[in-house]
Amino acid sequence: MGEIKLSFPPESPPLSVIVALSLSASPVTIDSAAATVPSLVFSDGQKLSGASVLLRYVGRSANTLPDFYDRNAFESSQIDEWVDYAPVFSSGSEFENACNRVDKYLDTRTFLVGHSLSIADVAIWSALAGIGQRWDSLRKSNKKYQSLVRWYNSILDEYSESLSEVLATYAAKKGPGKPVAATMSKDQQQAVKADAQDKGKPEVDLPGAEVGKVRLRFAPEPSGYLHIGHAKAALMNKYFAERYQGELILRFDDTNPAKESNEFVDNLIKDVGTLGIKYQKVTYTSDYFPELMEMAEKMMREGKAYVDDTPKEKMQKERMDGIDSKCRNHSVDKNLELWKEMIAGTVRGLQCCVRGKLDMQDPNKAMRDPVYYRCNPMSHHRIGDKYKIYPTYDFACPFVDSLEGITHALRSSEYHDRNAQYFKVQDDMGLRRVQIFEFSRLNLVYTLLSKRKLLWFVNERLVDGWDDPRFPTVQGIVRRGLKIEALIQFILEQGASKNLNLMEWDKIWSINKKIVDPVCPRHTAVIDKRRVLLTLTNGPDEPFVRLIPKHKKFEGAGDKATTFTKSIWIEGADASAISVDEEVTLMDWGNAIVKEISKDDEGHVTALSGVLNLQGSVKTTKLKLTWLPDTNELVNLTLTEFDYMITKKKLEEEDDVSKFVNPITKKETLALGDSNMRSLQRGDVIQLERKGYFRCDVPYMKSSKPIVLFSIPDGRQQQAIGWLSNHE
């Protein structure tokens, strides 16, 4: 056979191919040199590329495992189906659905296909092994997907020697992101960088970063759901953690009990998972409350902090004017006395706060004695009533960052003026400095990214909740129909730029269209209002059914059953555009000639009559019409369109949001749909012919309750604010 070499990108080994080679003891040399795609290079110079192609080749050539791939036609096709399905596991948003599907399938099976191991098992097993911590946690708990876990463990036990070695070398058992090689040379690091740049990802390096020694944190406050602005920060952390084979900590900055709740914690974890972000552990700033209190007291004893009872308004004015507080030169004993009052939550303590003693005359107002601790008797969502005092972000963040070994703190450039404060606080604490890496905040037109203002919309019941499809939360935009892959691609294309730009949504939706259009099924809907019956006098006397592809260019979408009848429904707008004796094309059927048009007193078309002319050429007709058969199998639909929630392109912090509320942001249109839509599941994305893309929000349950479809923008429709109010 001659020497065969397997080469692949060093940051993403084709785990399934390597596992198959190991199990079949195939004589292939593995060369993790820089490569754009996994490839097998043969001694005569011939080459095969692509992970699934290589996996099938190994399956066919594995002499030690004769049934590894080559079987009867049906089982071989089943194997192909599972090999093609395996990549779904790497999509964060689809991971749970994929696990659920395979788990149910394996309820009564030992192997995915037939009664012996095949490359189908290898493909799915490797996809799970490459997920990392998310799958490891599920497997160890063994509470969900028990059949899937049983199957996974049985393969691991049966082939433990081969698989353990492969996992130890190529799979990131704990680390985030894609499976990575255990070690990388400098040349390979450069290859990783070049490959990332080729894919349009950030080209900026983390200052002082070393491969394998980077530790990052994503630290949201649990006071709302994750929105698209947070998603940028989260995905930037994910990108750099993967690129430098580092660690990522998910930390909840839970220092303000007035705004925080366990609901927000749970949904933030859900949203981070939706983004496909893998983290080493979850921590809470509240885990460090005892140490933070000790540090505050230490700094008071060292003269680096003091307790201040200046009224809030006066304190703000003094900071603006650079005037020292009357409490700035309190003795240590006086500070500690008031500190104890704060800890006890007494009336006197409630009048006080702890401030850092920095520089009240510094031109940078962030350096003018920031508040470190406040008294707040509210119950904390995790620790109840244990504390009456809570640290501010300015005090807690630099402390916990240093204590947790964070090497680089990623912050949006809006915090630039507070960087000097961050470093000064760490210096005064006597802690290691953490490097700050800045990137621009994501700003989108007519979009609120202030959690306070978003909460106002929720409290005023102007939206249905934090997952409302008009909201810029991750759950909201996913519910609207945005694929997570599109969001990730959009954010990574922006990179680590520090330029503050107000961006349009059309770019995101254009990316989304490129993802959904090649695969989403096509269906037909007719607006219910003023729909018109077209009777084809030479049409079929008895209805007949024909199977038609749901997507003419993607077989994986399957087929739909289309019923052909003598009378068919078309839209009123289409009917009004037809002239007597005009030839039109009925999509997926053929041509017809309209012979008679009936109208009511107001001139609205009420009925049409015509004849089929299936020999006619579709090239000669002006009108290409969607239609539905006149049967009782049609389903009721509610087509929902959305507009922006606010009327100002960019809302400033001081703006009163109530003065910029768009009065009409939702429009529902009743329609009829083809019977195949009964099988739609919540979250499915489809295209309604001649209407656009839609996401199913409420699937079919009974004939009296309509299927609810949300319109998905495609990036081309430039609508003005308020367009729904004038849209019929």
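Bear in mind the structure is a predicted one, so any value in this text is a computation, not a measurement.

### Focus on the UniProt feature "domain: tRNA synthetases class I (E and Q) anti-codon binding" (unreviewed entry) in the protein chain
Point 1. In this numbering, the UniProt entry assigns the feature "domain: tRNA synthetases class I (E and Q) anti-codon binding" (unreviewed entry) to residues 624-697.
Point 2. The span residues 624-697 shows a helical share of 0% and a strand share of 41%, and its end C-alpha atoms are spaced 29 Å apart.

### Points about the side chain of Asp 714
Point 1. On the secondary structure map, Asp 714 appears in the segment after strand 31 (707-712).
Point 2. With relative accessibility at 7%, the residue Asp 714 sits in the buried group.
Point 3. The contacts of Asp 714, once residues within four sequence positions are left out, are Trp 509, Ser 510, Lys 513 and Tyr 693.

### Side note on the pattern of salt bridges
Point 1. Applying the stated criterion across every chain yields a total of 42 salt bridges.
Point 2. A salt bridge links Arg 301 to Glu 297, with the nearest nitrogen and oxygen atoms 3.0 Å apart. With Arg 301 and Glu 297 both in helix 12 (residues 289-301), this residue pair falls 4 residues apart, about one helical turn.
Point 3. Linked through salt bridges whose partners overlap, the residues forming this network are Asp 467, Arg 479, Arg 682, Arg 695 and Asp 697.

### Some remarks on the sheet that holds strand 11 (residues 389-391)
Point 1. With antiparallel pairing, the 4 strands of this open sheet are ordered in space as 8-9-10-11. The sheet terminates laterally at strand 8 (305-308) and strand 11, the two strands that pair on one side only. Each strand of the sheet is rotated relative to its neighbour by a mean of 20°, with strand direction disregarded.
Point 2. Where strand 10 (residues 371-375) meets strand 11, 3 bridges bridge the pair, whose relative direction is antiparallel. Among the inter-strand pairings, Cys 375 is bridged to a residue of strand 11, identified as Ile 389.

### Points about the environment of Val 214
Point 1. Tracing the chain through its elements places Val 214 in the loop between helix 9 (186-198) and strand 5 (215-218).
Point 2. Separated by 452 residues in the primary sequence, Val 214 and Lys 666 have C-alpha atoms spaced 46 Å apart.
Point 3. Filtering out sequence-adjacent residues up to four positions away, Val 214 remains in contact with Leu 206, Ala 209, Tyr 244, Gly 246, Glu 247, Thr 407 and His 408.

### Topic: the state of the cysteines
Point 1. Throughout the structure, instances matching the rule amount to 0 disulfides.
Point 2. Between Cys 327, a cysteine without a disulfide, and Cys 352, which holds the nearest cysteine sulfur, the sulfur-to-sulfur distance is 7.6 Å.
Point 3. A relative accessible area of 1% places Cys 327 in the buried class.

### Things to note about the packing of helix 1 (residues 15-24) against helix 8 (residues 160-170)
Point 1. Where helix 1 meets helix 8, the axes come as close as 9 Å, and the angle between the chain directions of the two elements is 145°. Crossing of helix 1 over helix 8 shows right-handed handedness. Judged by residue contacts, Leu 15, Ile 18, Val 19, Ser 22 and Leu 23 of helix 1 engage Ser 162, Leu 163, Val 166 and Tyr 170 from helix 8.

### With respect to the sheet that holds strand 7 (residues 281-284)
Point 1. Strands sit in the order 5-6-7 across an open sheet of 3 strands; the sheet is parallel. Looking along the sheet, the strands with just one partner apiece sit at the ends: strand 5 and strand 7. Pairs of neighbouring strands in the sheet enclose a mean axial angle of 35°, with direction left out of account.
Point 2. Pairing between strand 5 and strand 6 (residues 247-252): 4 bridges, direction parallel. Note that in strand 6 the partner of Arg 217 across the bridge is Ile 249.
Point 3. Across the face of the sheet, helix 11 (residues 262-274) comes into contact with strand 5, strand 6 and strand 7 while running at roughly 155° to strand 6.

### Brief notes about the domain arrangement of the protein chain
Point 1. Looking at the assigned domains, one finds that the protein chain contains domain 1 (4-169), domain 2 (215-285 + 442-514), domain 3 (288-395), domain 4 (532-570 + 572-625) and domain 5 (635-712).
Point 2. Summarising the inter-unit geometry, the C-alpha centres of domain 1 and domain 4 are found 48 Å apart.

### Regarding the environment of Val 434
Point 1. With respect to the helices and strands, the residue Val 434 is situated in the loop between helix 16 (419-429) and strand 13 (435-439).
Point 2. Looking at Val 434, the relative accessible area reads 1%, which means it is buried.
Point 3. Along the chain, Val 434 and Val 584 lie 150 residues apart, while their C-alpha atoms are 69 Å from each other.
Point 4. Beyond its immediate sequence surroundings of up to four residues, Val 434 is in contact with Asp 401, Ser 402, Ile 406, Thr 407, His 408, Ala 409, Tyr 422, Phe 423 and Gln 426.

### Side note on the nonpolar core
Point 1. In terms of nonpolar packing, the biggest core is built from 58 residues, with Leu 112, Ile 124, Trp 125, Leu 128 and Trp 151 touching the most fellow members.
Point 2. With 8 residues, the single largest contributor to this core is helix 5 (residues 119-129).
Point 3. In this structure, Leu 128 is in contact with Phe 89, Phe 95, Cys 99, Trp 135, Leu 148, Trp 151 and Tyr 152, ignoring residues within four places of it in sequence.
Point 4. Counting residues in hydrophobic clusters, the runner-up holds 51 residues, among them Leu 216, Leu 250, Val 272 and Trp 505.

### Brief notes about the side chain of Ser 286
Point 1. Within the secondary structure, Ser 286 is located in the loop between strand 7 and helix 12.
Point 2. Classification of Ser 286 by relative accessible area gives buried; the value is 6%.
Point 3. Apart from the residues within four sequence positions on either side, Ser 286 is in contact with Asp 254, His 380, Arg 382 and Ile 383.

### Considerations on the packing of aromatic side chains
Point 1. Within the structure shown, the criterion is met by 29 aromatic pairs.
Point 2. Ring centres of Trp 125 and Tyr 152 lie 4.7 Å apart, and the angle between their planes is 10°; on these two criteria the pair is classed as stacked. Here Tyr 152 lies in helix 7 (residues 146-158) and Trp 125 lies in helix 5, a separation of 27 residues in the sequence.
Point 3. Using a relative accessible area of 2% as the deciding quantity, one classes Tyr 152 as buried.

Here is what the cut-offs are and how they apply
Residues numbered from 1 in each chain as written. Predicted model: local features only at pLDDT ≥ 70, side-chain atom pairs only at ≥ 80, totals over all residues. Heavy atoms only, no water. UniProt positions renumbered as here; feature names shortened; annotations may be inferred. Helix = DSSP H or I, 4+ residues; strand = E, 2+ residues; numbered from the N terminus. Buried < 20%, exposed > 50% of the residue type's maximum accessible area, 1.4 Å probe, protein only. Contact = heavy atoms within 4.5 Å. Salt bridge = Lys/Arg side-chain N within 4 Å of Asp/Glu carboxyl O. Pairing = 2+ DSSP bridges. Axes fitted to C-alpha atoms, helices over the stretch in contact; angles between N-to-C directions. Disulfide = S-S within 2.5 Å. Left-handed = near helix turned anticlockwise from the far one by under 90°. Domains from an automatic or database assignment. Core = buried A, V, L, I, M, F, W, Y, C linked by side-chain atoms within 4.5 Å. Phe/Tyr/Trp six-rings, centres within 6.5 Å; stacked < 30°, edge-to-face > 60°.

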